[in-house]
Amino acid sequence: MTKPETVLSSMTGFARVGGHWRDVSWQWELKSVNGKALDMRFRLPSGFDNLEAPARGLLQQTLKRGNLQINLALQTPQAGEGIRVNAQLLDQLVVLAQNLRDRLGSAPIQAENLLALRGVLEVAEESVSEDDMKQRDAAILASFETAASELVASRQSEGKRLATVLQSQLDRITSLTIAARQCPARQPEAIRQRLAEQVARLLEQSQSFDEQRLHQEALLLATRADVQEELDRLQSHLEAADGLLQSHEPVGRKFDFLTQEFNREANTLCSKATDKTLTSIGLDLKTVIDQLREQVQNIE
């Protein structure tokens, strides 16, 4: 039976979208990496801070986790700027210069000297009406919406790649769980033989042991060494993991918790193992589970 396509989303993504309105052009750049919550940091040009609130709200509707860097680079036309003379200030300076010249008898003031004084020459920017600003900002936000959609698509694309890795690791855990179930050391006859050998060695050392008590202790030891419950729980965790892979909701936190449960069972299996083959399987399980948990940190 073919499994349905996984729908995981990673927290890693990137998008870059440009746009223009009349003679103003811009470029949005969105970067996303792992994060415990949704943390957004905006870098906007001076005078465009009003765009942050609607942009932030849009991202909050589509993303749940991740550290985001949102940058807006803006280019305005140079042609709309010019140089103008502050006539009022210049007139005041001319009068002041003439008075000083008459009083001190100095040489005439040169025009370039007056123009070099701060405030005489000003950069004249083309004025933008309120309606024009609204249209311009709406166009910039529309391109941001496109960039946000591309970021989501980028995170989903990375999520598909991540799901393939996770599935491979879960398949490995499944194989190791089956190997542990089928391990010859877990067969009743093998357990009986191992316990008989241990009891024989104890009896060789001392004849004062109560055989009935020794029998009870052997049964208790066999019960403690049984890893059936751990293997059953591992199987249950594998089924839960398969469900998370198919979920349409952000499952990163749940998956992280599940890997802790996987690790707990693997640790217990290793501590109970009385055979080197079963111990080796338990150690392999721990290795794969650690790799799984590392990858799970990328899931939204």
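To keep things clear, this report deals only with the structure shown in the data block. Predicted, not measured: the structure shown is a model, and the values here were computed from it.

A short note on the pattern of salt bridges
Consideration 1: This model, assessed by the stated rule, comprises 16 salt bridges.
Consideration 2: For R264, the salt bridge is made with E261, and the minimal N-O distance between the two is 2.4 Å. With R264 and E261 both in helix 8 (residues 252–272), this residue pair falls three residues apart, about one helical turn.
Consideration 3: On the basis of relative accessibility, which here comes to 44%, the residue R264 falls in the partly exposed class.
Consideration 4: Counted as one network, the salt bridges with shared partners bring together E229, E230, R233, E265 and K272.

Focus: the sheet that holds strand 4 (residues 66–75)
Consideration 1: The strand order across the open sheet built from four strands is 1-2-4-3, with neighbouring strands paired in mixed fashion. On the outer flanks of this sheet lie strand 1 (13–21) and strand 3 (38–43), each paired with one strand and no other. Each strand of the sheet is rotated relative to its neighbour by a mean of 15°, with strand direction disregarded.
Consideration 2: Where strand 1 meets strand 2 (residues 24–33), nine bridges bridge the pair, whose relative direction is antiparallel. In the strand pairing of strand 2, G18 is matched with Q27.
Consideration 3: With respect to the sheet, helix 1 (residues 52–62) is in contact with strand 2, strand 3 and strand 4, its orientation differing from that of strand 3 by roughly 150°.
Consideration 4: Docked against the sheet, helix 4 (residues 130–181) engages strand 1, strand 2 and strand 4, running at close to 155° with respect to strand 1.

With respect to the side chain of H237
Consideration 1: Locating H237 in the fold gives a position in helix 7 (residues 228–245).
Consideration 2: In this structure H237 comes out as buried when scored by relative accessible area, which is 12%.

Some remarks on the pairing of strand 1
Consideration 1: Residues G13, A15, V17, G19 and W21 of strand 1 are buried on one face, while the alternating residues F14, R16, G18 and H20, pointing to the opposite face, are not.
Consideration 2: Between the antiparallel neighbours strand 1 and strand 2 lie two residues, among them R22 with a positive phi of about 55°.

Considerations on the nonpolar core
Consideration 1: Core analysis: the largest hydrophobic core is formed by 31 residues, its most contacted members being L166, L170, I173, F255, F262, L285 and I299.
Consideration 2: Listed by contribution, the elements that provide at least two residues to this core are helix 4, helix 7, helix 8 and helix 9 (276–296).
Consideration 3: L170 has contacts with L238, A241, L245, F255, F262 and L292, leaving out every residue within four places of it along the chain.
Consideration 4: Core analysis: the second largest hydrophobic core is formed by 23 residues, V24, L63, F144 and A148 among them.

About the thresholds
- Residues numbered from 1 in each chain as written.
- Predicted model: local features only at pLDDT ≥ 70, side-chain atom pairs only at ≥ 80, totals over all residues.
- Heavy atoms only, no water.
- Salt bridge = Lys/Arg side-chain N within 4 Å of Asp/Glu carboxyl O.
- Helix = DSSP H or I, 4+ residues; strand = E, 2+ residues; numbered from the N terminus.
- Buried < 20%, exposed > 50% of the residue type's maximum accessible area, 1.4 Å probe, protein only.
- Pairing = 2+ DSSP bridges.
- Axes fitted to C-alpha atoms, helices over the stretch in contact; angles between N-to-C directions.
- Contact = heavy atoms within 4.5 Å.
- Core = buried A, V, L, I, M, F, W, Y, C linked by side-chain atoms within 4.5 Å.

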